[in-house]
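Architecture at a glance
Next come the chains, spelled out residue by residue.
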Amino acid sequence: SQTIHQWPATLVQPVGSPLSLECTVEGTSNPNLYWYRQAAGRGLQLLFYSVGIGQISSEVPQNLSASRPQDRQFILSSKKLLLSDSGFYLCAWTTANTGELFFGEGSRLTVL
Amino acid sequence: GENVEQHPSTLSVQEGDSAVIKCTYSDSASNYFPWYKQELGKGPQLIIDIRSNVGEKKDQRIAVTLNKTAKHFSLHITETQPEDSAVYFCAASKGAQKLVFGQGTRLTINP
């Protein structure tokens, strides 16, 4: 069966520090991968999605970036965090043909 | 592009009663409509979905209905239990394209 792993689960970082959140999917090949952000009490905002290695589409311009160095690995990064980057970050995957989206457990980022 | 509106934003019902959450979508070409449940501090979990070739789908106490003409779909939870308390999200997409989510409904079941 397919599983998705996301880490770290929680992170407290100072303003201006770098960020790296990692996500891996097991049990499937060539998934579509997504990064979402959820601000406190808010809906799900799509940040990035990828249909293959090295292919990244950005939905919202900001100081975050994403990379897909391997088929089942998706990384969310920032060189310098802002206070507004605080939130709950969710990685997700789908197969190309069904559209069913499966989420990881999330990473809670607090920028101080 | 697709736009999904979800109502109500909060819903409180007595244990054992039914809960209904409604969503509307704008793109008539959308054909996939999932519902997600998010418990506190966790990622959303798919609980039920419906495709545009059917009007209703049931899974135990949960059902989803779809009205393509009116472009709205609803989640129905019967005989609610305390563990149904969570945030629920609807979404819509065309085939395997990106899902567009509603803003979520915080459901509280009162004992």
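Scoring rules and cut-offs
- Residues numbered from 1 in each chain as written.
- Chains lettered and ligands numbered in written order.
- Predicted model: local features only at pLDDT ≥ 70, side-chain atom pairs only at ≥ 80, totals over all residues.
- Heavy atoms only, no water.
- 1 Å grid on protein atoms, 1.4 Å probe; cavity = no way out; pocket = protein on both sides within 12 Å on 5 of 7 lines; lining within 4 Å.
- Points joined across faces, edges and corners; volume = space filled by probe spheres on them.
- Helix = DSSP H or I, 4+ residues; strand = E, 2+ residues; numbered from the N terminus.
- Nonpolar A, V, L, I, M, F, W, Y, C, P; charged D, E, K, R; others polar.
- Salt bridge = Lys/Arg side-chain N within 4 Å of Asp/Glu carboxyl O.
- Buried < 20%, exposed > 50% of the residue type's maximum accessible area, 1.4 Å probe, protein only.
- Pairing = 2+ DSSP bridges.
- Axes fitted to C-alpha atoms, helices over the stretch in contact; angles between N-to-C directions.
- Core = buried A, V, L, I, M, F, W, Y, C linked by side-chain atoms within 4.5 Å.
- Contact = heavy atoms within 4.5 Å.
- Buried area = accessible area lost by both parts, 1.4 Å probe.
- Polar contact = N/O pair within 3.5 Å; in protein donor to acceptor, adjacent residues only side chain to side chain.

**Some details on the layout of surface pockets**
There is about 390 Å³ of room inside the largest pocket. Lining the largest pocket are 22 residues, with Gln38 and Gly41 of chain A together with Gln38, Val87 and Arg106 of chain B positioned closest to its centre. Elements that contribute at least two residues to the lining of the largest pocket include exactly β9 (86–92) and β11 (105–110) of chain B. Taken together, the residues of the lining of the largest pocket sort by class into seven nonpolar, ten polar and five charged.

**With respect to the pattern of salt bridges**
All names here are of chain B. Taken as a whole, this structure holds nine salt bridges over all chains when the rule is applied. Ionic pairing is found between Lys37 and Glu39, a salt bridge with its closest N-O pair at 3.6 Å. Of the residues examined, Lys37 reaches a relative accessible area of 17% and is grouped as buried. Notably, a salt bridge pairs Arg61 with Asp84, separated by 2.9 Å at the nearest N-O pair. With Arg61 in the loop between β6 (56–59) and β7 (62–67) and Asp84 in the loop between β8 (72–77) and β9, this pair connects stretches of sequence that are 23 residues apart. Asp84 gets classed as buried once you look at its relative accessible area, which sits at 6%. In the salt-bridge network here, residues are joined through shared partners; they are Lys37, Glu39 and Lys42.

**Side note on unusual backbone geometry**
With the exception of glycine, most residues fall at negative phi, and the peptide bonds are largely trans. A cis geometry characterises the amide bond from Trp7 of chain A onward to Pro8 of chain A, with omega recorded as 0°. Here Pro8 of chain A is to be found in the loop between β1 (3–7) and β2 (10–13). Across the junction of His7 of chain B and Pro8 of chain B, the peptide omega takes the value -5°, indicating a cis bond. The residue Pro8 of chain B is located in the loop between β1 (4–7) and β2 (10–14) in this model.

**Topic: the sheet that holds β1 of chain A**
All names here are of chain A. The four strands are arranged β1-β3-β8-β7 in an open sheet whose pairing can be described as antiparallel. Every interior strand has two partners, whereas the edge strands, β1 and β7 (64–70), have only one. Across the sheet, the mean angle from the axis of one strand to that of its neighbour is 15°, orientation sign disregarded. The pairing of strand β3 (residues 19–26) with strand β8 (residues 73–78) spans six bridges and is antiparallel. Looking across to β8, one finds that Glu22 is bridged to Ile75.

**A closer look at the nonpolar core**
Counting residues in each nonpolar core, the largest one holds 23 residues, and the members touching the most others are Tyr25, Phe33, Trp35, Phe73, Leu75, Tyr88 and Leu107 of chain B. Counting residues per element, the ones that place at least two in this core are β2, β3 (19–25), β4 (32–38), β5 (45–51), β7, β8, β9 and β11 of chain B. Residues in contact with Phe33 of chain B, not counting those within four places in the same chain, are Tyr25, Ile48, Asp49, Ile50, Ser52, Leu66, Phe73, Ala91 and Ala92 of chain B. With 19 residues, the next largest nonpolar core counts Leu19, Trp35, Ala66 and Leu109 of chain A among its residues.

**Describing the interface of chain A and chain B**
Taken together, the contact between chain A and chain B spans 22 residues of the former and 17 residues of the latter. Approximately 1600 Å² of surface area, both sides summed, lies buried where chain A meets chain B, with 53% of it carried by carbon and sulfur atoms. Taken as a group, Leu44, Phe103 and Glu105 of chain A account for 27% of the area that chain A buries against chain B, more than any other trio of residues on that side. In this assembly, chain A and chain B are joined by two salt bridges. Viewed at the interface, chain B and chain A are joined by three residue pairs in polar contact (both at pLDDT 80 or more). A per-element tally of the side of chain A that touches chain B places strand β4 (residues 32–38) of chain A first, with three residues.

**Here we look at the environment of Lys68 of chain B**
Residues and elements named next belong to chain B. Examined against the element boundaries, Lys68 turns out to sit in the loop between β7 and β8. Lys68 gets classed as partly exposed once you look at its relative accessible area, which sits at 44%. Sequence separation between Lys68 and Phe89 is 21 residues; the distance between their C-alpha atoms is 19 Å. If we ignore the near neighbours within four places in the chain, the residues touching Lys68 are Tyr25 and Ser52.

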